Amino acid sequence: MPQSYLVCRADELKDGDRRVVSCDGTEVGVFKVDGEFVAWHNECPHRQGPVCQGRLYKRVIEPLAADGTVRELAYEESVTNLVCSWHGYEFDLKTGANQGYDKVKLRKVKLEHKDGNLYVVV
Ligand code: FES
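Attention here is on the structure that accompanies the text. Here the residue numbers are simple positions, counted from 1 along each chain's written sequence. Only residues with pLDDT of at least 70 are given local features in this predicted model, and only at 80 or more are side-chain atom pairs given and counted; all residues enter the totals for whole chains, interfaces and linings. Water and hydrogen atoms play no part in the side-chain values, which are based on all heavy atoms of the structure.

1. Describing the overall build of the protein
Each helix is a run of H or I in the DSSP string that is no shorter than four residues. Each strand is a run of E no shorter than two, and both are numbered from the N terminus. When you go through the protein residue by residue, the secondary structure sums to zero helices and nine strands. Along the protein, helices and strands appear, N-terminal first, in the series β-β-β-β-β-β-β-β-β. Here the C-alpha coordinates of the protein stretch approximately 55 × 30 × 20 Å along the principal axes. A contact between two residues is defined here by any heavy atoms of the two lying within 4.5 Å. Summarising the internal contacts of the protein: among those between residues at least 6 apart in sequence, 46% fall at separations of at least 24. Charged side chains in the protein number 17 positive and 19 negative. The centres of these two groups are separated by 3 Å. Working convention for charge: Lys and Arg count positive, Asp and Glu count negative, and His plus the chain ends are omitted. A charge is said to be at NZ when it belongs to Lys, at CZ for Arg, at CG for Asp and at CD for Glu.

Laid out in structure tokens, this is it:
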């Protein structure tokens, strides 16, 4: 039966912050991104690395010039990616999707926001 686990007070997390918590052996990463809270199992779908402890970057894109060549790299400011530190797989922090292979996704964890506190349900 699922149980709720206290993460922290919601106002402790600013955009870009995270908490990785252990819930009786299940690790969960809770993030604040663009004013929203999201939670993922701390287990990468590639080889089960601790994905929630990876770095956060804006998505890197390669804009094409008129002749079809790539002249520069740029950041897509509207998308924050979580990068697994084991082999570099990247996931959209809001959706959990890997942009290169849509069958590879982070596993979502239910979040509850009650009385100013954040809880995860696992
Ligand atoms: S375990 Fe995360 S990229 Fe391989």
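2. Things to note about the sheet that holds strand 5 (residues 55-61)
Strand order in the open sheet formed by three strands is 5-6-7, with antiparallel pairing between adjacent strands. Edge positions in the sheet fall to strand 5 and strand 7 (90-92), since each has one partner strand and no second. Here the average twist between neighbouring strands, direction ignored, is 55 degrees. Between any two strands, pairing holds if DSSP finds at least two bridges. As paired strands, strand 5 and strand 6 (residues 74-83) are joined by seven bridges and run antiparallel to one another. In the strand pairing of strand 6, Arg55 is matched with Val83. For every element, the axis is a line fit to its C-alpha atoms; helices are fit only across the contacting stretch, and the angle between N-to-C directions ranges from 0 to 180 degrees.

3. Observations regarding the state of the cysteines
The rule for a disulfide is simple: a pair of cysteine sulfur atoms within 2.5 Å. Under the defined criterion, the tally for this structure stands at zero disulfides. With no disulfide partner, Cys8 has as its closest neighbouring cysteine sulfur the one in Cys23, 12 Å distant. You can see Cys23 has no disulfide; the closest cysteine sulfur is in Cys52, sitting 11 Å from it. Exposed residues in this analysis have more than 50% of their type's maximum accessible area, buried residues have under 20%, and partly exposed residues fall in between, with area computed by a 1.4 Å probe over protein chains only. Overall, the relative accessible area of 2% leaves Cys23 in the buried class.

Function cannot be read off these values alone, since they describe shape.
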